[in-house]
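Structural overview for review
Chain residues, written in single-letter form:
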Amino acid sequence: MSQTENYQEFLRSRRSFRHFLPRLVPEKVLERILETTTYAPSAHNCQPWRFLIIQSFEAKTRLADHLGAAFRDDLLADGLSEAQAYPKIERSRRRILEAPLVIILCLDTTEIDIYPDERRQKVEHTMAVQSTALAGGTLLLAAHAEGLGGVWMCAPLFAPEAVGQALPLPSGWEPQSMLLIGFPVDIPEIRARKPISEVSRFV
Ligand SMILES: Cc1cc2nc3c(=O)[nH]c(=O)nc-3n(C[C@H](O)[C@H](O)[C@H](O)COP(=O)(O)O)c2cc1C
């Protein structure tokens, strides 16, 4: 296999992992992952991504409890009964508690350029979200390069206040997602991909 094919294969072999071995991510490995993540592209090279790193069981429990409470409110508002909501909340709580490493991927709003008009201000915020998401994707690939698995979870985007209540979130940090990282229990099947012909137009 050529080096190019190797790289393509590496990128295609990433999966979302949701179950992890009870094994800590070594400090040096975490450092390498974060360092690589900072090589992601960003608008104006402003690097608006921030990482809230959570490893202690106490902090994970606080996060799981607050996100769980917000999730419960949403599910009950959707019309689910307590009995219907409970297993969903518990599954989400267990995922957080069982992940050796939880990273809240945030956007530092203080890094966003100020414009005098709302239109460009909105674009600037969108660009910061895009840049932060690219860091998240890079982080998942950097973890994959270390033999770790990870998954992007959207819960903090639905309940950013819950993150702030659970953890000391620096001022201006806007939670975008939660990345669960650890040594995988097994390799999930690849999820079906739409063919190139469906997602592209050559003009
Ligand atoms: C923006 C975004 C939000 C996601 N949110 C969740 C989530 O809340 N829970 C979850 O289990 N997976 C979540 N995922 C992971 C996707 O389900 C997964 O990437 C997709 O099914 C394709 O599978 P793969 O990553 O294994 O290729 C999310 C992914 C992205 C990019």
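The following refers to the structure shown. (Residues numbered from 1 in each chain as written. Predicted model: local features only at pLDDT ≥ 70, side-chain atom pairs only at ≥ 80, totals over all residues. Heavy atoms only, no water.)

Let's shift gears to the overall build of the protein. Secondary structure summary: the protein contains eight helices and four strands in total. N-terminal to C-terminal, the α/β element order of the protein is α-α-β-α-α-β-α-β-α-α-β-α. Compactness check: the protein gives a C-alpha radius of gyration of 18 Å against a globular reference of 17 Å for 203 residues, within 12% of the reference. With respect to the three principal axes, the spread of C-alpha positions in the protein is 55 × 50 × 40 Å. The 203 residues of the protein split such that 37% are buried. (Helix = DSSP H or I, 4+ residues; strand = E, 2+ residues; numbered from the N terminus. Rg over C-alpha atoms; globule rule 2.2 N^0.38 Å. Buried < 20%, exposed > 50% of the residue type's maximum accessible area, 1.4 Å probe, protein only.)

In this section: the pairing of strand 1 (residues 49-54). Across the six residues that make up strand 1, a large majority, five, are buried. In this structure, strand 1 lies alongside strand 2 (residues 101-108), joined through six bridges in antiparallel fashion. When the sheet's bridge partners are listed, W49 is paired in strand 2 with L107. (Pairing = 2+ DSSP bridges.)

For the structure shown, the criterion picks out nine salt bridges. For E146, the salt bridge goes to R32, with nearest N and O atoms at 2.7 Å. One end of the pair, E146, is in the loop between helix 5 (118-145) and strand 3 (149-153); the other, R32, is in helix 2 (residues 27-37), with 114 residues separating them in the sequence. By relative accessible area, which is 26% here, E146 ends up partly exposed. Residue R120 is joined to D117 by a salt bridge in which the shortest nitrogen-to-oxygen separation is 2.7 Å. (Salt bridge = Lys/Arg side-chain N within 4 Å of Asp/Glu carboxyl O.)

When you line up the elements, S42 lands in the loop between helix 2 and strand 1. Among the polar contacts made by the side chain of S42, one reaches the main-chain amide nitrogen of C46 at a distance of 3.2 Å. (Polar contact = N/O pair within 3.5 Å; in protein donor to acceptor, adjacent residues only side chain to side chain.)

The local shell around the ligand consists of R14, R15, S16, R18, R95, V151, W152, M153, C154, R191 and R193. One of the side-chain N or O atoms of R95 is found 3.5 Å from an oxygen atom in the ligand. Considering the ligand on its own, with 620 Å² of exposed area, one finds that the protein chains cover 62% of that surface. Of the residues forming the shell around the ligand, the biggest block, three residues, is contributed by strand 3. Per-class residue counts for the shell around the ligand are four nonpolar, one polar and six charged. (Near = heavy atom within 4 Å. Areas by Shrake-Rupley, 256 points an atom, 1.4 Å probe, with all protein chains shown as cover. Nonpolar A, V, L, I, M, F, W, Y, C, P; charged D, E, K, R; others polar.)

With that out of the way, let us pick up the pairing of strand 3. Of all five residues in strand 3, four are buried; the element is thus mostly enclosed. In this structure, strand 3 lies alongside strand 4 (residues 173-182), joined through five bridges in antiparallel fashion. The residue of strand 4 that forms the bridge with W152 is L179.

It is worth stressing that arrangement in space is one thing and function is another; only the former is reported here.
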